[in-house]
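Residues per chain, in single letters:
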Amino acid sequence: MGHAKKVVLAYSGGVDTSVCIPYLKNEWGVEEVITLAADLGQGDELEPIREKALKSGASESLVVDVRDSFIKEYAFPAIQANALYEQRYPLGTSLARPLIAKILVETASKYGADAIAHGCTGKGNDQVRFDVSVGALNPHLKILAPAREWGMSREETIAYGERFGIPSPVKKSSPYSIDKNLLGRSIEAGILEDPTVEPPEEIYEMTKAIANTPNEPEYIDIGFTKGIPTTLNGKATNPVELIEQLNQIAGNHGVGRIDMIENRLVGIKSREIYESPAMIVLIQAHRDLESLTLTADVTQYKRGIEQTYTQIVYNGLWYSPLKSAVDAFIQETQERVSGNVKVKLFKGNATIVSRDSQNSLYTPDLATYGSGDKFDHKAAEGFVYVWGLPTRIWARH
Ligand code: ARG
């Protein structure tokens, strides 16, 4: 295989990506490995991660804070699209990958690298998202995925790392595979691989068990401007803080847990647990505000586009012509989606209890059953006659 001289490696600080460093150099003849760790609000301490890469043999170890663009450019558009994969998963991991790919490509160009690398295995979605995104942003870069080829077990990987001074995980490492960022956590593997087993409470971090949530409901107000959440309880809040605060508030009421069997792009089903309090609340609130401010046909037509959008993102096609076209449609629909939604949080539920907009299409004098009714009831007769005509003709035979 024609390997590369200088490589930018997507780095998390875990054993696998650490082992990638000596592996690339010693097995694949790479001369220089530059690591890149993205701060997506995963809450890990980044300075030790930066140092670990250097100790593992990286020539340069970069850490970039991309939290703001992660929320503004990736999460908010997904909220505007009400994106829930298979109606449930708010794409926390899927949305992060194209952003990481973008900074990998930018870094490769800045440092004159001829390849990027990642530690994904061959049976997940993330390899697809990285490879396709990098290819879309710079088709001339090589993509190296050592973990897709090395065929080492977990133990062998750790042993390989130890030969190059990579410490084996101190605590008996968690049996779970976890990915986390500002948008939530994904937990896989271990006992969760048995879909008949209820997830143990220990896997959750962002959401409380119902038994421990407050016994009084909490009401929050979310303000949207053109489909983007901008205020929390009446206060203008910047994107990252809004997500952080909402994770905290909704998680405290046990909102945002998801347990599902998911269809991966690579053809297998996997049992996935997510906790994603802010995204779940925001998508619900946003969808409700759309029902007040969009016409019936746009609302209903958009549902199909949302499905398409979600598939595009899940399947790694963030930087694709279809994605751009779908984005244009969604943006066009958001022009009037401004207003406020009140959400009641209680015992694992987020319930919309109030919505209000200066662009509301709800017309009280047409909707009312009371005395102020302005609806022309007589006009309905002709409408219904014509509407039902094809059905009556059909019924004659
Ligand atoms: N199944 C989810 C997805 O494909 C989460 C994947 C989590 N990734 C990970 N490396 N643990 O988006």
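All chains use their own residue numbering, which begins from 1 and follows the written sequence. Residue-level local features of this predicted model are given only where pLDDT is at least 70; pairs of side-chain atoms are given and counted only at 80 or more, and the full residue set underlies all totals for whole chains, interfaces and linings. In computing side-chain values, all of the structure's heavy atoms are included and hydrogens and water are not.

**A closer look at the site of the ligand**
Phase 1: In the region of the ligand, 14 residues are neighbours, and Tyr89, Asn125, Asp126, Arg129 and Glu262 sit closest.
Phase 2: For the ligand, a nitrogen atom lies 3.0 Å from a polar atom in the side chain of aspartate 126.
Phase 3: Going through the elements one at a time, helix 4 (92–111), helix 5 (126–137), strand 6 (177–181), strand 7 (184–188) and strand 12 (269–275) are the ones with two or more residues in the shell around the ligand.
Phase 4: When residues are sorted by character, Ala, Val, Leu, Ile, Met, Phe, Trp, Tyr, Cys and Pro go into the nonpolar class, Asp, Glu, Lys and Arg into the charged class, and all the rest, Gly among them, into the polar class. Residue composition of the shell around the ligand, by class: three nonpolar, five polar and six charged. Think of it this way: one heavy atom of a residue within 4 Å of a molecule or strand is enough to make that residue near it. Definition of a polar contact: a pair of N or O atoms within 3.5 Å, with one able to donate and the other able to accept a hydrogen when the atoms are protein atoms, and with sequence-neighbouring residues admitted only if both atoms are side-chain atoms. Secondary structure elements follow DSSP: runs of H or I no shorter than four residues count as helices, runs of E no shorter than two count as strands, and numbering proceeds from the N terminus.

**So, the layout of surface pockets**
Phase 1: Definitions used for this entry: grid spacing 1 Å over protein atoms alone; cavity, a set of points where a 1.4 Å probe fits but cannot get out; pocket, an open set with protein on both sides within 12 Å along at least 5 of 7 lines; lining residue, one with an atom within 4 Å of a point. Grid points are joined across faces, edges and corners, and a volume is the space filled by probe spheres set on the points. Roughly 240 Å³ of volume is contained in the second largest pocket.
Phase 2: For the second largest pocket, the full set of lining residues is Gly41, Gln42, Gly43, Lys180, Asn181, Leu182, Arg185, Glu205, Met206, Glu244, Asn247 and Gln248.
Phase 3: Mapped onto the lining of the second largest pocket, the elements with two or more residues apiece are strand 6 and helix 8 (239–252).
Phase 4: The leading source of residues in the lining of the second largest pocket is helix 8, at three residues.
Phase 5: Of the residues in the lining of the second largest pocket, the class split is two nonpolar, six polar and four charged.

**Some words on the packing of helix 1 (residues 15–26) against helix 7 (residues 154–163)**
Phase 1: Viewed as axis vectors pointing N to C, helix 1 and helix 7 meet at an angle of 60 degrees, and their least axial separation amounts to 9 Å. As the angle between them shows, helix 1 and helix 7 are arranged oblique. Once helix 1 is placed against helix 7, the crossing between them reads as left-handed. Counted together, Val15, Asp16, Val19, Pro22, Tyr23 and Asn26 of helix 1 and Arg154, Thr157, Ile158, Tyr160 and Gly161 of helix 7 form the full contact between these two elements.
Phase 2: Counted by class, the contact of helix 1 with helix 7 contains six nonpolar, three polar and two charged residues. Orientation is described by axes fitted as lines to C-alpha atoms, over the contacting stretch for helices, and by angles from 0 to 180 degrees between their N-to-C directions. Any angle that is under 35 degrees is reported as roughly parallel, and any over 145 degrees as roughly antiparallel; angles of 65 to 115 degrees are reported as roughly perpendicular and all others as oblique. Should the near helix be turned counterclockwise from the far one by less than a right angle, the crossing is left-handed, whereas a clockwise turn marks it as right-handed. By definition in these notes, contact holds between two residues if any of their heavy atoms fall within 4.5 Å.

Keep in mind that these numbers describe shape and distance, not what the molecule does.
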